[in-house]
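Breakdown of the fold
Single-letter residue listing:
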Amino acid sequence: MATEQMDGGRALIRALEEEGVDVMFGLPGGAILPVYDPIIDSSIRHVLVRHEQGAGHMAEGYAQATGRPGVAMVTSGPAATNIVTPLCDAYLDSIPMVVITGQVPYPAIGTDAFQECDTTGITQSITKHNFLVTEAQDIPRTIKEAFHIATTGRPGPVLVDIPKDIVDPVNPRSAMTWHGDLEMDLPITFLESLRGGSITVPTPTGTVNVKIPPRAEAGTRLRLKKRGLPKGGKDTKNGDMNESDSALFKRILDVYKQSHKLPEDAKPKKTYPEKG
């Protein structure tokens, strides 16, 4: 097992590289500044924005254009609150995105420190999941989990909040050991478990089997759409286009609704109170 000693900031950038990240959008600030030094020697291209909200929307656009999760990185406090709008937008539009926010040092959390806010509490309802990392050793595992959650099932944004003391190389708390062959037993969604099979939908007259096709290569659905190919059409390079989980859920629901459809005359009529 290959191991290497490093600080949390380097581990964060290494973990992003391991996930295939080639471009990220962000704006540096005090709490996240130690992470920016390792970017100099990284293969990741950093796009400097003028406002954190722009970084989030650019990450959304990257995800929609490439079919890969967009990545944004900003600092703590007002920077984290500035990226709330893109997070909400990505959540409602099912766009895969990983947002990394800086946070005040772990011992200072909850003390009304400079540029501190409850980032995970604020974003809890507009992300698929969010993390507050408390130990440098947990950074690689958390980043891997974040990308897995953002891209499986119904896609969406995931936020990772990282205190400054676990990424600052001058702080002893940032020391960690990198394990080169990190393996995790990550959960899969219900529909992922059914890929290549079918699901039975009950109807008043019996049952209907809805086939669940195997997943296509990442980005295939988007490329087919851009080429104007019909749903279920052929792509000579990537094979059949497959439906997303959200589309499959909708199709299963449509089958169920159609089979339970009431006759037109049985539908209740809308009544409105007379104006007094």
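Everything below is about the structure printed above this text.
Residues numbered from 1 in each chain as written. Predicted model: local features only at pLDDT ≥ 70, side-chain atom pairs only at ≥ 80, totals over all residues. Heavy atoms only, no water.

A few words now on the sheet that holds strand E3 (residues 45-48). In space, the 6 strands of this open sheet follow the order E3-E2-E4-E5-E7-E6, with parallel pairing throughout. The sheet is open, and its two edges are formed by E3 and strand E6 (129-132), each paired on a single side. In this sheet, neighbouring strand axes are inclined to one another by 20° on average, regardless of whether the strands run parallel or antiparallel. Across 5 bridges, strand E4 (residues 70-74) lies against strand E5 (residues 97-103) in parallel orientation. Residue pairing for E5: Val-71 is matched across the bridge by Val-98. Across the sheet, helix H7 (residues 139-151) is in contact with E4, E5, E6 and strand E7 (157-163); its angle to E7 comes to roughly 165°. (Pairing = 2+ DSSP bridges. Helix = DSSP H or I, 4+ residues; strand = E, 2+ residues; numbered from the N terminus. Axes fitted to C-alpha atoms, helices over the stretch in contact; angles between N-to-C directions. Contact = heavy atoms within 4.5 Å.)

Another point: the packing of aromatic side chains. The tally for this structure, following the rule as stated, stands at 1 aromatic pair. Considering the side-chain rings of Phe-25 and Tyr-62, the 6.2 Å spacing of their centres and the 65° angle between planes classify their relative orientation as edge-to-face. Of this pair, Phe-25 sits in strand E2 (residues 23-26) while Tyr-62 is found in helix H3 (residues 52-66), placing the two residues 37 residues apart along the sequence. The same class applies to Phe-25 as to Tyr-62, namely buried. (Phe/Tyr/Trp six-rings, centres within 6.5 Å; stacked < 30°, edge-to-face > 60°. Buried < 20%, exposed > 50% of the residue type's maximum accessible area, 1.4 Å probe, protein only.)

Moving on, we come to H3. Three or four residues apart is the spacing at which side chains of an α-helix point the same way, because the helix has 3.6 residues per turn. An ideal rise of 1.5 Å per residue puts 21 Å on 15 residues; H3 measures up with 21 Å between its terminal C-alpha atoms. Every buried residue of H3 is listed here: Glu-52, Ala-55, Gly-56, Ala-59, Glu-60, Tyr-62 and Ala-63. For H3, the arc enclosing every buried residue in end-on projection is 160°, short of the 170-degree limit, so these residues lie on one face. In the core, the buried residues of H3 are packed alongside E2, E4, helix H4 (78-82), helix H5 (84-93) and E5. (Expected span 1.5 Å × (residues − 1). Arc of directions from axis to C-beta.)

Formed by 32 residues in total, the largest nonpolar core has its most connected members in Leu-12, Leu-16, Met-73, Ile-100, Ile-143 and Ile-162. Broken down by secondary-structure element, the contributors of at least two residues to this core are helix H1 (8-18), helix H2 (33-39), E4, E5, H7, E7 and strand E8 (175-179). Aside from chain neighbours lying at most four places away, what touches Ile-100 is Leu-12, Leu-16, Ile-32, Ala-72, Met-73, Val-74, Ile-143, Val-160 and Ile-162. (Core = buried A, V, L, I, M, F, W, Y, C linked by side-chain atoms within 4.5 Å.)

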